[in-house]
Amino acid sequence: MTSGGDSPGMNAAVRAVVRTAIYNGLEVYGIRRGYQGMIDGDIFQMKAQDVSNIIQRGGTILKTARSKEFRTEEGRAKAYAQLQKHGIEALVMIGGDGTFSGAVTFFKQYTIPAIGLPGTIDKDLAGTDFTIGFDTAVNTAVEAIDKIRDTAEAHDRLFIVEVMGRDAGYIALNSGIACGAEDILIPETQTDINDVLDRIDHDERRKKTVHILVVAEGDDFGGAKEVHEKIKERFPDMDIRSSILGHIQRGGSPSFADRVLSSRLGYAAVNALLEGKTQVMAGIINGQVVYTPLEQVVKQHTAIKEDMLQMIRVLSV
Ligand code: F6P
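Residues numbered from 1 in each chain as written. Predicted model: local features only at pLDDT ≥ 70, side-chain atom pairs only at ≥ 80, totals over all residues. Heavy atoms only, no water.

1. Quick word on the site of the ligand
- With respect to spatial proximity, the complete set of residues near the ligand consists of Arg66, Ile121, Asp122, Met164, Gly165, Arg166, Glu217, His247 and Arg250.
- Residue glycine 165 places a main-chain N or O atom 3.2 Å away from an oxygen atom belonging to the ligand.
- One of the side-chain nitrogen or oxygen atoms of glutamate 217 is found 2.6 Å away from an oxygen atom of the ligand.
- Coverage of the ligand by the protein amounts to 76% of the 400 Å² it exposes when considered alone.
- Of the residues in the shell around the ligand, the class split is 2 nonpolar, 2 polar and 5 charged.
- When residues of the shell around the ligand are sorted by domain, at least three fall in each of domain 1 (10-133 + 254-299) and domain 2 (138-250). (Near = heavy atom within 4 Å. Polar contact = N/O pair within 3.5 Å; in protein donor to acceptor, adjacent residues only side chain to side chain. Areas by Shrake-Rupley, 256 points an atom, 1.4 Å probe, with all protein chains shown as cover. Nonpolar A, V, L, I, M, F, W, Y, C, P; charged D, E, K, R; others polar. Domains from an automatic or database assignment.)

Structure (structure tokens):
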């Protein structure tokens, strides 16, 4: 099943799971719309050809959802009953933070072998250097910000670009570095808006005509709207525009990196189940597949290094 926010590469992971399982003589069933489909018994058998021609497609052929019902005891009981009814003996769950938090609660009460695969553009999970969809989402943001810079340059404007990332600044940090942003605001570090304004002031005095500020939607100070208002307040004559990239970051054909990551992890998930591993997430650390208990991957992620932020300021001098 795929669950939570979709991410480019989920289809490639589904393909790898289905084909590795069939190669090993297993029967494979897909669950539509994540936990909601589990509760509703929306479960169907999948053959090798059902995953043909999907490795390059964004979205997820299994569909996805954020199920409110699964957060209830009754919902989880119904879900387990459906798994039993359909003779499901093991699960592969492709999702992010919400999916694995749900899984941890579920497995406190019900036992079924399960492997998680990190599917989220936000990269807000521990136990892996990369998540499925992150690379594609950053590339989408980079393409968009490059275009914004063209028009910013033409008009001598300051642009605030808001990228996705509810609790994580990885998309902002990486797209910002890749696009030569003047400043990057992320939830992992406390944003002092006066410092941001002072840096703009400093650049103005140096007659720097273009500013690109990349802000993660989950920044502690706020998103593009709040930052825009503050800048306007201090520099009323400045020509400022904001752009919220939004869900375009979730769609599109996965990059080669996401296709390879998804294929490796999908293959690893089935092999892990066959070896008797359970309730772990398969991730990639230093190029190797590693398995981390689900409760450890949730709501934790690799710390963002302060020197990266310092570097951005140096490089935009
Ligand atoms: O978790 C991925 C993500 O794209 C976040 O960056 C964003 O805050 C959220 O999903 C948006 O969710 P929805 O599509 O439900 O609005």
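2. So, the environment of proline 118
- Here proline 118 lies in strand S4 (residues 114-118).
- C-alpha separation for the pair proline 118 and methionine 238, spaced 120 residues apart in sequence, amounts to 42 Å.
- Leave out the neighbours within four places in its chain, and proline 118 touches Gly95, Phe100, Leu125, Thr128, Phe130, Thr131, Ile132, Leu265, Met281 and Ala282. (Helix = DSSP H or I, 4+ residues; strand = E, 2+ residues; numbered from the N terminus. Contact = heavy atoms within 4.5 Å.)

3. Let's talk about the packing of aromatic side chains
- Under the definition given, this model contains 7 aromatic pairs.
- Sitting above the plane of the phenylalanine 44 ring, arginine 32 keeps its charged end 4.0 Å from the centroid. (Phe/Tyr/Trp six-rings, centres within 6.5 Å; stacked < 30°, edge-to-face > 60°. Lys NZ or Arg CZ within 6 Å of the ring centre and 35° of its normal.)

4. Overview of the nonpolar core
- One finds Val163, Ile171, Ile212, Val214 and Leu245 to be the most contacted residues of the largest nonpolar core, which totals 31 residues.
- The element best represented in this core is helix H5 (residues 134-155), accounting for 9 residues.
- The residues contacting isoleucine 171, other than those within four sequence positions of it, are Ile121, Asp122, Phe134, Ala137, Val138, Ala141, Val163, Met164, Gly176 and Gln249. (Core = buried A, V, L, I, M, F, W, Y, C linked by side-chain atoms within 4.5 Å. Buried < 20%, exposed > 50% of the residue type's maximum accessible area, 1.4 Å probe, protein only.)

5. Overview of the pairing of strand S9 (residues 280-285)
- With 5 of 6 residues buried, S9 is to be regarded as a mostly interior element.
- Taken together, the 2 bridges between S4 and S9 define a ladder with parallel strand orientation. Paired with isoleucine 115 across the bridge in S9 is valine 280.
- The sheet contact formed by S9 and strand S10 (residues 288-293) spans 6 bridges and is antiparallel. (Pairing = 2+ DSSP bridges.)

6. Comments concerning unusual backbone geometry
- With a phi angle near 55 degrees, aspartate 156 is a residue other than glycine that sits in the positive phi range.
- Looking at where aspartate 156 falls in the secondary structure, it is placed in the loop between H5 and strand S5 (158-163).
- Positive phi values are uncommon outside glycine, yet lysine 207 reaches one of about 60 degrees.

7. Some thoughts on the sheet that holds strand S7 (residues 211-216)
- Across the sheet, 4 strands lie side by side as S6-S7-S5-S8; this open sheet has parallel pairing. The outermost strands of the open sheet, each flanked by one partner alone, are strand S6 (183-185) and strand S8 (240-244). Each neighbouring strand pair of the sheet contributes to a mean axis angle of 15 degrees, computed without reference to strand direction.
- Pairing between S5 and S7: 6 bridges, direction parallel. For isoleucine 160, the partnering residue across the bridge sits in S7 and is leucine 213.
- Across the sheet, H5 is in contact with S5, S7 and S8; its angle to S5 comes to roughly 165 degrees. (Axes fitted to C-alpha atoms, helices over the stretch in contact; angles between N-to-C directions.)

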